[in-house]
Amino acid sequence: MQVIKFGGSSVASAENINKVVEIVRSKTGTEKLVVVVSALGGITDLLLQCAGLAALGNEAYKTNLQEIETRHLNTVKELIPVTQQSSVLSNVKKMCNEIEDICNGIFLLGELSERTKDKIVSYGELLSSQLITAKFKSVGTDAEWKDARTLIITDSSFGAALVNFAKTNETINDYFSQATASLFILPGFIASDANGTTTTLGRGGSDYTAAIIAGAVDAKVLEIWTDVSGMMTADPRIVSNIKLIPKISYQEAMELSHFGAKVIYPPTIQPVMSRNIPVWIKNTFAPADEGTVIQNESMTNGSAIRGISSINKISLISLEGSGMVGIPGFSKRLFEALANHKINVILITQSSSEHSICVAIESTNALLAKQVVDNAFAYEIETKKVEPLFVEKELAIVALVGDNMKSHTGIAGRMFSAMGKNGVNIRAIAQGSSERNISAVIALSDVSKAVNVLHEAFFETTYKQVNVFIAGAGNVGGKLLAQLNQQLTFLKSSKRLVVKVVGLTNSKKALLNDEGIDLDNWKTLLETAPSGTINEYIDTIIAKNLRNTIFVDVTASDVVATCYNKLLQKSIAVVACNKVACSSAYTYYETLKHSAREYNARFLFETNVGAGLPIIGTLNDLISSGDKINKMQAVLSGTLNFVFNNYDGTRPFAAVVKQAQDEGYTEPDPRLDLSGKDVMRKIMILARESGEKIEMDDISNNSFMPDSCMQGSVENFYAEMEKQEAHFKAIYEAAAAKGNKLKFVASYENGKASVGLQHIDPAHDFYHLYGKDNIVLFYTNRYTDQPMVVKGAGAGAEVTASGVFADIIRATHN
């Protein structure tokens, strides 16, 4: 004998029922076939709504009743030939009238008991099963309808009745041993107690009905047909690239279903496991798909984890107090109090000190749990031996499940590391002695991110997805987007990175797309994007809570720089081309560095000094390897180096500066470069990275710019420079007369830093520094006479963007 069950989605419409009939007819043959069906999709909820509205005295229940009746009548008319509809329509009408009579009684009494609720919801399966039986008969397939309430006997725990297996198995065997039909249609979910009163097996109980039948008759196989092609490694609504689990053990299936996997109702496994009956999970809408088989043994493919599951809307209740230590019975009293009020315990964890015990329950029971536990421990609370029950809401449980976990070390470490790197805080942990499951209680808002990072860590060894949010779409930002777009395929094939730019903002608009912005068309998309402020953009990044998030700042905005700490504290990596944060007050710089360490988030700003040159990285490597920075000498302004390499008195100084600005070497306001302030920022950042606590006021600046040039607007700046041409020419000629070149040099030694224009003779390392190049000389304990030299292009949008790009890749290696 085979037992087949079809869920609500499989019988939700006439079209779907026709698919069910086709599947069943393909299986009919010499063996008896038992088909268990759920109510039409959504009907059980409608029935419960009817009852609830009626109990509240709300006549809107009649509208729901009409919807239920109309839906079933229309389904009959679509399924059954006109000549055979009469009796079926009459039966549907009769049962709908019975539902209405019950609801009218509830409305008059203003009372809805669990017993009455079971009676009402039973009609969903009674209607669907009789309707489907009629369909089989209409196509010439003889089918016998059997009321499951006459076969499955339970206690009187209405809503989730317990099965009397001894009596039930006897009744089922007696019936099927005498029945002569080859095809049987049964309503799932419903049963009856010893008095013949209707009971139900709990929501999702149609699976259980099929398993009870299969176990009783020792069926060859149990098939559960639903709307997915088997059990998956994670919830497809959360993880986009899930994988099918072809084979899974009974124990693994029970663990996954207990922790939220909706494919199978948790109690379903027990009746078939004792008889070693294989259970197939199949897809009604893709019957050719292989599906998943649940059997005694799972796959032994070397993978330690079979799947990841989660339960939402959990509350964590904690009983704690010094009076619990060493005193037996506290746990017993806690669980008794919960059990007496039918509050199900999902997870338990207790500290080894016996000072506290935590229990996870459904959030709907949190208020009741608080009341009953505080009542049970009223004396101890009054005498301060224990604290009143502490309730934490808005939580969830994520669980790793796999039979092979017990033979693999490091699973828990990988689990907690993956979540920790993405800022997922763990409130409680539990692991069974079988080592088949590791569960963690986390914030409800972190579920999607946690499940995705765990799936990536355990199932997606091929690729790591990185979600990038960019602030700034100007010159450098545009070059960065072009470089990213060019390298996406390379990163995926060679670095196993799937980089998605999911956010882009400028000073006015914010473009967001979780699937990734089209980088071929980003300018048009940004122009048509909604308006938004940077603070709204940052709040959106945090609210989205995506895994492996990197925030990239390619602006020069003070406002953006103030947002870094907020992001780091959410374990979001920050890549900053913007120098404002690291050159602001030392306390803020140190706060950012501290947050990056505490919240395990990368804070990278290589392009703050030298554009794409590895200056900060080299400095950090020297210090990390135990070296000490004693002195630094540097030319750190590509702008000033370009200007003095191209100014020889034959062209106005202002014209050379304008050329530098036009070619993209200067800051948006060139005065930042020519005043020396930008160089001051850079040498300060290097000094801070070497361990020095230094502020801008501590750096001396021997500026060559007349004060009059630094007043007013940028236009005024250029006009005044033209007036001061004699000044600039005199500076140049003084150096040229000695055979020297002009270089704006930054120095750091013995805790002191300075910047200023210097005459560089031909023997100096800086003399042959051309174009927009930067150079840094590191004098250290190891590099005493001959310094470590880093030299190369230190300005320009292209090289700056490449430096930011490199930091993004570094940030992925968290």
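Above this note sits the structure.
The sections below set out a description of the structure shown in this document. Each chain carries its own residue numbering, running from 1 in the written order of its sequence. Note on the predicted model: pLDDT of at least 70 is required for a residue's local features to be given, and 80 or more for side-chain atom pairs to be given and counted; whole-chain, interface and lining totals, by contrast, use all residues. Think of the side-chain values as coming from all heavy atoms in the structure, minus any hydrogens and water.

The next subject is the sheet that holds strand β8 (residues 221-226). By this definition, two strands are paired if DSSP reports at least two bridges between them. Numbering of helices and strands runs from the N terminus; a helix is a DSSP stretch of H or I covering at least four residues, while a strand is a stretch of E covering at least two. Sheet architecture is open: eight strands sit in the order β3-β5-β2-β1-β8-β10-β11-β9, paired in mixed fashion. Of all strands in the sheet, those with a lone pairing partner are β3 (144-145) and β9 (247-249), marking the two edges. Both strand β2 (residues 33-37) and strand β5 (residues 183-187) contribute to a ladder of five bridges, which runs parallel. Among the inter-strand pairings, valine 35 is bridged to a residue of β5, identified as isoleucine 185. Residue contacts are counted whenever heavy atoms from the two residues lie within 4.5 Å of one another. Axis geometry follows a simple rule: fit a line to the C-alpha atoms, using only the stretch in contact for helices, then measure angles between N-to-C directions, giving values from 0 to 180 degrees. Along the sheet face, helix α7 (residues 205-217) touches β1 (2-6), β2, β5 and β8 and points at about 175° away from the line of β1.

In summary, the pairing rule links any two rings of Phe, Tyr or Trp, Trp by its six-membered ring, whose centres are within 6.5 Å, and it sorts them by plane angle into stacked for under 30 degrees, edge-to-face for over 60 and tilted for everything else. On inspection of all chains with the given rule, the structure shows 20 aromatic pairs. Between tyrosine 647 and tyrosine 732, the ring centres sit 6.0 Å apart and the planes meet at 70°, which makes this aromatic pair edge-to-face. Residue tyrosine 647 is found in the loop between α22 (638-646) and α23 (653-662), and its partner tyrosine 732 is found in helix α27 (residues 725-737); the two are separated by 85 residues along the sequence. In this scheme, a residue with accessible area under 20% of its type's maximum is buried, one over 50% is exposed, and one in between is partly exposed, where area comes from a 1.4 Å probe on protein chains only. Take tyrosine 647: its relative accessible area is 3%, and that puts it in the buried class. Among the aromatic side chains, those forming a connected cluster through ring pairs are Phe644, Tyr647, Phe653, Phe704, Phe728, Tyr732 and Phe744. Ring-over charges, as used throughout, are those where CZ of Arg or NZ of Lys falls within 6 Å of the ring centre and within 35 degrees of the ring normal. Here the basic side chain of lysine 631 rests over the ring of tyrosine 779, its NZ or CZ set 4.5 Å away from the ring centre.

Of all the 14 residues making up strand β12 (residues 307-320), 11 are buried; the element is thus mostly covered by neighbouring parts of the structure. Two strands pair when backbone bridges link them, and β12 and strand β15 (residues 390-401) are joined in this way by nine bridges, in the antiparallel orientation. Bridge pairing in β15 links leucine 316 to glutamate 392. Strand direction decides the pairing type here: β12 and strand β14 (residues 356-362), joined by seven bridges, are antiparallel. From the neighbouring strand, isoleucine 317 faces β14, where its bridge partner is valine 359.

Charged atoms that come close allow side chains of opposite charge to pair. Whenever Lys or Arg places a side-chain nitrogen within 4 Å of a carboxyl oxygen from Asp or Glu, that contact is recorded as a salt bridge. For the structure shown, the criterion picks out 28 salt bridges. With a closest N to O distance of 3.3 Å, aspartate 678 and lysine 579 form a salt bridge. Separated by 99 residues along the polypeptide, aspartate 678 in helix α25 (residues 677-689) and lysine 579 in the loop between β22 (573-576) and α20 (586-598) bring together distant segments of the chain. By relative accessible area, lysine 579 is classed as buried at 10%. Ionic pairing is found between lysine 682 and aspartate 678, a salt bridge with its closest N-O pair at 3.2 Å. Residue lysine 682 and its partner aspartate 678 are both found in helix α25; the two are separated by four residues, about one turn of the helix. By the burial criterion, lysine 682 is buried, and aspartate 678 matches it. Each of Lys579, Asp678 and Lys682 takes part in one network of salt bridges that share partners.

Once that is clear, we can look at the side chain of serine 38. Residue placement: serine 38 occurs in the loop between β2 and α2 (43-55). Engagement of the side chain of serine 38 in a polar contact is seen with the side chain of serine 206, the distance being 3.2 Å. Here serine 38 is in contact with Lys5, Phe6, Gly7, Gly8, Val11, Glu125, Ser128 and Ser206, once residues within four sequence places are set aside. Throughout this description, a polar contact denotes any pair of N or O atoms lying within 3.5 Å of each other; where both atoms belong to protein, one of them has to be capable of donating a hydrogen while the other can accept it, and for residues adjacent in sequence the pair is counted only when both atoms sit in side chains.

As a further point, take the layout of surface pockets. Each cavity reported here is a set of points on a 1 Å grid over the protein atoms alone in which a 1.4 Å probe fits but cannot get out, each pocket an open set with protein on both sides within 12 Å along at least five of seven lines, and each lining residue one with an atom within 4 Å of a point. Grid points are joined across faces, edges and corners, and a volume is the space filled by probe spheres set on the points. Quantified by volume, the second largest pocket comes out at close to 720 Å³. Residue lining of the second largest pocket: 37 residues in total, with Val476, Cys577, Thr666, Glu667 and Pro668 positioned closest to the centre. Elements with a minimum of two residues in the lining of the second largest pocket: α15 (475-494), α22, α24 (671-674), α25 and α28 (797-811). Residue composition of the lining of the second largest pocket, by class: 12 nonpolar, 17 polar and eight charged. Classes in brief: Ala, Val, Leu, Ile, Met, Phe, Trp, Tyr, Cys and Pro nonpolar; Asp, Glu, Lys and Arg charged; the others, Gly included, polar.

So, on to helix α4 (residues 85-109). What a helix is expected to span follows from its residue count: subtract one and scale by 1.5 Å. Under the 1.5 Å per step criterion, the end-to-end length of α4 is 36 Å for 25 residues, consistent within 8% with the ideal 36 Å. Within the span of α4, buried status applies to Gln85, Val88, Leu89, Val92, Met95, Cys96, Ile99, Ile102, Cys103 and Ile106. Those residues of α4 that are buried are in contact with α2, α3 (61-79) and α5 (114-138). Glycine 110 lies just past α4 and shows a positive phi near 65°.

Right, let's get into unusual backbone geometry. Located in the positive-phi region is lysine 313, a residue other than glycine, with phi close to 55°. Mapped onto the elements, lysine 313 comes out in strand β12.

Under the 1.5 Å per step criterion, the end-to-end length of α20 is 18 Å for 13 residues, consistent within 8% with the ideal 18 Å. Within α20, the full set of buried residues consists of Tyr586, Tyr589, Leu592, Ser595 and Ala596. Check the buried side of α20 and you find it contacts α19 (564-568), β23 (603-604) and α25. Just beyond α20, the residue with positive phi is asparagine 600, at close to 55°.

This paragraph deals with the environment of valine 559. Along the polypeptide, valine 559 turns up in helix α18 (residues 558-561). We classify valine 559 as partly exposed; its relative accessible area is 43%.

This paragraph deals with the nonpolar core. For soluble globular proteins, nonpolar side chains are generally found buried alongside one another. The term nonpolar core refers to a set of buried residues drawn from Ala, Val, Leu, Ile, Met, Phe, Trp, Tyr and Cys, joined through side-chain atoms within 4.5 Å. Val3, Phe6, Val34, Phe176, Leu222, Met231 and Ile294 are the most contacted members of the largest nonpolar core, which has 94 residues in total. Residue contacts for phenylalanine 176: discarding those within four places in its chain leaves Met1, Lys32, Val34, Leu151, Phe184, Ile213 and Val217. Judged by nonpolar contacts, the second largest core, of 83 residues, contains Phe469, Leu613, Ala634 and Ile685.

Once that is clear, we can look at the sheet that holds strand β6 (residues 190-193). The strand order across the open sheet built from three strands is β4-β6-β7, with neighbouring strands paired in mixed fashion. Of all strands in the sheet, those bounded by a partner on one side alone are β4 (153-154) and β7 (198-200). Relative to β7, β6 runs antiparallel, the two being bridged by three bridges. Opposite serine 192, over in β7, you have threonine 198 as the bridge partner.

This next bit is on the environment of glutamate 722. Following the sequence through the fold, glutamate 722 ends up in helix α26 (residues 714-723). Put simply, glutamate 722 and alanine 654 are 68 residues apart on the chain and 5.8 Å apart in space, counted from C-alpha to C-alpha.

Looking at the element boundaries, serine 229 is found in the loop between β8 and β9. Here serine 229 falls in the buried class, since its relative accessible area comes to 15%. A polar side-chain atom of serine 229 sits 3.0 Å from a polar atom in the side chain of asparagine 283. Side-chain polar atoms of serine 229 contact the side chain of aspartate 289, separated by 2.6 Å. Apart from the residues within four sequence positions on either side, serine 229 is in contact with Leu244, Ile281, Asn283, Ala286, Asp289 and Gly291.

A separate point is the packing of α4 against α5. The contact between α4 and α5 brings their axes to 11 Å, and the two run at 175°. When the axes of α4 and α5 are compared, the pair comes out roughly antiparallel. Across from Val88, Asn91, Val92, Met95, Glu98, Ile99, Ile102, Cys103 and Ile106 in α4, the residues of α5 making contact are Thr116, Lys119, Ile120, Tyr123, Leu126, Leu127, Gln130 and Ala134. Its residues assigned to classes, the contact of α4 with α5 comprises 12 nonpolar, three polar and two charged. Angles below 35 degrees are treated as roughly parallel, those above 145 as roughly antiparallel, those between 65 and 115 as roughly perpendicular, and all remaining angles as oblique.

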